[in-house]
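Summary of the model geometry
Here is what each chain is made of, one letter per residue.
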Amino acid sequence: MASKFTKFMEKNLQEQLKRLRTEYSRINPGQSWVASNRSKLMGQLNNTTIETRNTGKINFHFIYQFCSALVPNQLYLVVKPVIAIALIGAIATSGWIASASATENCLPGEVCYGVKMAAEKTQAAMVAMTGTQKDKAKLHLEFASRRAKEAKKVMEVKKSDAPKQAQVAIQKLEESIQTVNNAIKAVKEDKPEQIMEVKQEVEKKTDEIKQTLKEVDETSGGVGVSEATKIVKDTNLAATEAVVVTKEAGKVEVSDADVKIMVEKAISDTLSDGGDVKEQAEITTEMAKQIQQPIVVIPAPEIIFSSSTPTSTIVVPSITTPTSTTRASVKIVVDLATKQVEETKKDLETAKELVNNNQLFEAMQAVKTATDATSKASQAVQQIKTAVEVVTEKVIDSVASSTIVIVVNTSTPVIVTSTTNTVKVNSK
Amino acid sequence: MLFRCNTFLFYPSIYMNLGIKEKLWLLQVRTQKDPEAFGYLYDAYIEKIYRFVYFKVGSREEAEDIASEVFLKAWGYLIENDKEIKSFAGFVFRVARNQVIDFYRARGKRQEFFLDPEMEIGKEDKEFRRVEANQELEKLLLTIKQLKQEYQEVVLLRYVEEMSISEIAEILSKSTLNVRVTLHRAGKKLRELVGAE
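Predicted, not measured: the structure shown is a model, and the values here were computed from it.

The next thing to look at is the overall build of chain A. For chain A, the helix and strand inventory stands at 14 helices and 3 strands. In chain A, buried positions account for 46% of the 428 residues. Nonlocal contacts in chain A, meaning residues at least 24 apart in sequence, comprise 70% of its contacts between residues at least 6 apart.

Now the structure itself:
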């Protein structure tokens, strides 16, 4: 009886609620207002679109979204590759230059990213067939710059797999830069007269990429960018060196002053990189001070100890005074890195003197040595910083209730007790 | 798949139901910044949005201002942003919700609703008092107002607007299960209040 009554009441109530919309004028807008507001709105919209209106350009990204929105979820999983293939087909038949721009906002992890990559591959293949090495270098520099921006965007969007996808972009960036490197070598050998042009492009783009990578790094998502940054810097140095060599061989027309300025820029870049490393080292030390948890840091031997210190001396196995151990471990790594940076300063001073004596090739060698050392120090600091970040997170999450052993990028097996948390940090 | 899309692009009005039309209009707005297509979306949603806003602010003038602002904001977002939007309904209601929140924030007070029927009725709609049925509806509306915000929203969207659970979930950014549970609780509470009167 009671349930019958409830059902009757519920039905009655639902009927009344529906009537609120159909019969009750107060909660409905006046028709005259609806119409006048519409024409007012249309006027405003037309004003906003006069300048920005896109005339007839097909945007495949939106078409892709539209198609996917039409299909139910389960079916969508099945037709997803079909849509992607259809779009690739559409792009192949409608001209790759226009289409590449239609997918320019696609990020790694999205299906249309495959379309973007396919378009770029077509572009690269065409340049390889018809273009010069100079064109190839330019194109791949552009690709590398896009990858850096993608990595940054992915990290900004903050999806759960963002670091993984950013890493995909960085990996591709490294590949593109490698191609640029090869192209520089080829230009140096076969078309030395074009080397200046290539160098200028490399200089411009690598500066931009370095800046973007730095921004990716600052998002603190644990994406390793130090290896990529190193490759980018090395490429710029290789281009400078190529100019110096071709100039000395008399194969390119460029004034002494211009080449000098180039080498001096390489010196000042390396100096400022050293400054950055020091800054990062200070931040890391500061961060480590905040952690109260006992931590043992085992850094990668091949990175930090390559200069003079013998391997495996920094493994700190016993923890008697937890916080001081943490700080001590971080401090050792950071101090070594800072010391290394200081040493590079001497190399750079030598390089400056060599430039003054017009020994540009020798100066470049000194710069390269200094850059290598700075990169190594930077990588070491980066790794310890990532480690400290991971630990800070763990401590905040209260996941770690006991000792944390951090294994930084090493293949050496680490034996830990059952009460110990091991955090493996594998930052590039 | 693309072929299917193209078919729709060429024959818009003959074969399509409203859902697909909406998606097409949305696509036209986003790719071609087409005000006319947006006009159709306006026609399809203005009343719903107005009711939704009116329900929350309780005054005709303010509901009108906010509703027109909602469409202007929606347009701006659609033409400037690349982010995927699965359904226009979900999107435009979210904009409306945010506009209402902004409205109360700007006024510097918590949400409040007219609970004084005499004032509102006397001012705006004298005619309806003559009809007994309207009195009944007025009473129901005031009863709904006694529910908490979360319940009011689902009751309005489900029973007044007759939207599907999945549409409501999209609008409120909740799971369908969550919407069902909220709806069940809201219905129970509403029945209690109606029964008590």
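Right, let's get into the overall build of chain B. Of regular secondary structure, chain B possesses 11 helices and 0 strands. Starting at the N terminus and walking to the C terminus, you meet the elements of chain B as α-α-α-α-α-α-α-α-α-α-α. Burial statistics for chain B: of 197 residues in total, 50% are counted as buried. In chain B, of all internal contacts separated by at least 6 residues, the share reaching a separation of at least 24 is 61%. For chain B, the exposed surface amounts to about 9,900 Å²; the carbon and sulfur share of it is 49%.

Let's shift gears to the nonpolar core. Judged by nonpolar contacts, the single largest core of 69 residues is most densely connected at A:Leu20, B:Phe38 and B:Ile49. Broken down by element, this core gets its largest block of residues, 13 residues, from helix α4 (residues 35-57) of chain B. Two domains each donate at least three residues to this core, and these are domain 1 (15-109) and domain 2 (124-197) of chain B. Residues within four places of A:Leu20 in sequence aside, it is in contact with A:Ile27, A:Asn28, B:Leu137, B:Leu140, B:Leu141, B:Ile144 and B:Val160.

Residue and element names in this part refer to chain A. Scanning the model with the defined rule gives 36 salt bridges over all chains in all. Note that aspartate 269 and lysine 210 form a salt bridge whose closest N and O atoms lie 3.9 Å from each other. Residue aspartate 269 is found in helix α11 (residues 256-290), and its partner lysine 210 is found in helix α9 (residues 195-218); the two are separated by 59 residues along the sequence. A single burial state applies to aspartate 269 and to lysine 210, both of which are buried. In this structure, the salt-bridge partner of aspartate 273 is lysine 233, at a minimum N-O distance of 3.1 Å. With aspartate 273 in helix α11 and lysine 233 in helix α10 (residues 226-248), this residue pair connects regions lying 40 residues apart in the sequence. An identical accessibility class is assigned to aspartate 273 and lysine 233; each is buried.

A word on the side chain of A:Asp269. Residue class for A:Asp269 comes out buried when judged on its relative accessible area of 19%. Once you skip the residues sitting within four places of it in the chain, A:Asp269 turns out to touch A:Lys210 and A:Asn236.

Here we come to the packing of aromatic side chains. Residue and element names in this part refer to chain B. In the structure shown here, the tally under the stated rule is 12 aromatic pairs over all chains. Ring centres 6.0 Å apart and planes at 15 degrees place the aromatic pair tyrosine 50 and tyrosine 54 in the stacked group. In this pair, tyrosine 50 and tyrosine 54 are both assigned in helix α4, 4 residues apart and thus about one turn of the helix distant. Here the two residues tyrosine 50 and tyrosine 54 agree in accessibility, since each one is buried. Through successive ring pairs, a cluster of aromatic residues spans Phe38, Tyr42, Tyr45, Phe71, Trp75, Tyr77, Phe88 and Phe91.

Residues and elements named next belong to chain B. In this model, chain B carries an average pLDDT of 77, and 77% of its residues clear a pLDDT of 70 or more. Here helix α1 (residues 2-10) stands out as the element of chain B with the lowest mean pLDDT, 38, in contrast to helix α5 (residues 60-80), whose mean of 91 is the highest. pLDDT under 50 marks residues 1-16. Its contacts with residues more than four places away, or in other chains, come to 20 contacts. Scored below 50 in pLDDT, residues 110-124 shows 38 contacts in the model against residues more than four places distant or in partner chains.

Residues and elements named next belong to chain A. By the secondary structure assignment, alanine 169 is in helix α8 (residues 162-190). Look at alanine 169 and you get buried, because its relative accessible area is 0%. Expressed as a C-alpha distance, the spacing of alanine 169 and alanine 151, which sit 18 residues apart in the sequence, is 5.7 Å.

Before going further, it helps to examine the layout of surface pockets. All names here are of chain A. Here the second largest pocket defines a volume of roughly 540 Å³. What lines the second largest pocket is a set of 24 residues, among which Lys214, Thr229, Lys233, Asp273 and Asp276 lie closest to the centre. Every element with two or more residues in the lining of the second largest pocket is listed here: α9, α10, α11 and α14 (360-396). No other element matches the 7 residues that α11 contributes to the lining of the second largest pocket.

The next thing to look at is the environment of B:Lys21. Inspection of the secondary structure assignment puts B:Lys21 in helix α3 (residues 18-32). Residues B:Lys21 and B:Leu41 lie 20 residues apart in sequence; the distance between their C-alpha atoms is 9.3 Å.

Moving on to unusual backbone geometry. Located in the positive-phi region is A:Asn358, a residue other than glycine, with phi close to 65 degrees. Along the chain, A:Asn358 turns up in the loop between α13 (322-356) and α14. Classification of A:Asn358 by relative accessible area gives partly exposed; the value is 48%. Not every positive phi belongs to a glycine, and B:Ser173 is a case in point at roughly 50 degrees.

Conventions used here
- Residues numbered from 1 in each chain as written.
- Chains lettered and ligands numbered in written order.
- Predicted model: local features only at pLDDT ≥ 70, side-chain atom pairs only at ≥ 80, totals over all residues.
- Heavy atoms only, no water.
- Helix = DSSP H or I, 4+ residues; strand = E, 2+ residues; numbered from the N terminus.
- Buried < 20%, exposed > 50% of the residue type's maximum accessible area, 1.4 Å probe, protein only.
- Contact = heavy atoms within 4.5 Å.
- Areas by Shrake-Rupley, 256 points an atom, 1.4 Å probe, with all protein chains shown as cover.
- Core = buried A, V, L, I, M, F, W, Y, C linked by side-chain atoms within 4.5 Å.
- Domains from an automatic or database assignment.
- Salt bridge = Lys/Arg side-chain N within 4 Å of Asp/Glu carboxyl O.
- Phe/Tyr/Trp six-rings, centres within 6.5 Å; stacked < 30°, edge-to-face > 60°.
- pLDDT = per-residue confidence, 0-100.
- 1 Å grid on protein atoms, 1.4 Å probe; cavity = no way out; pocket = protein on both sides within 12 Å on 5 of 7 lines; lining within 4 Å.
- Points joined across faces, edges and corners; volume = space filled by probe spheres on them.

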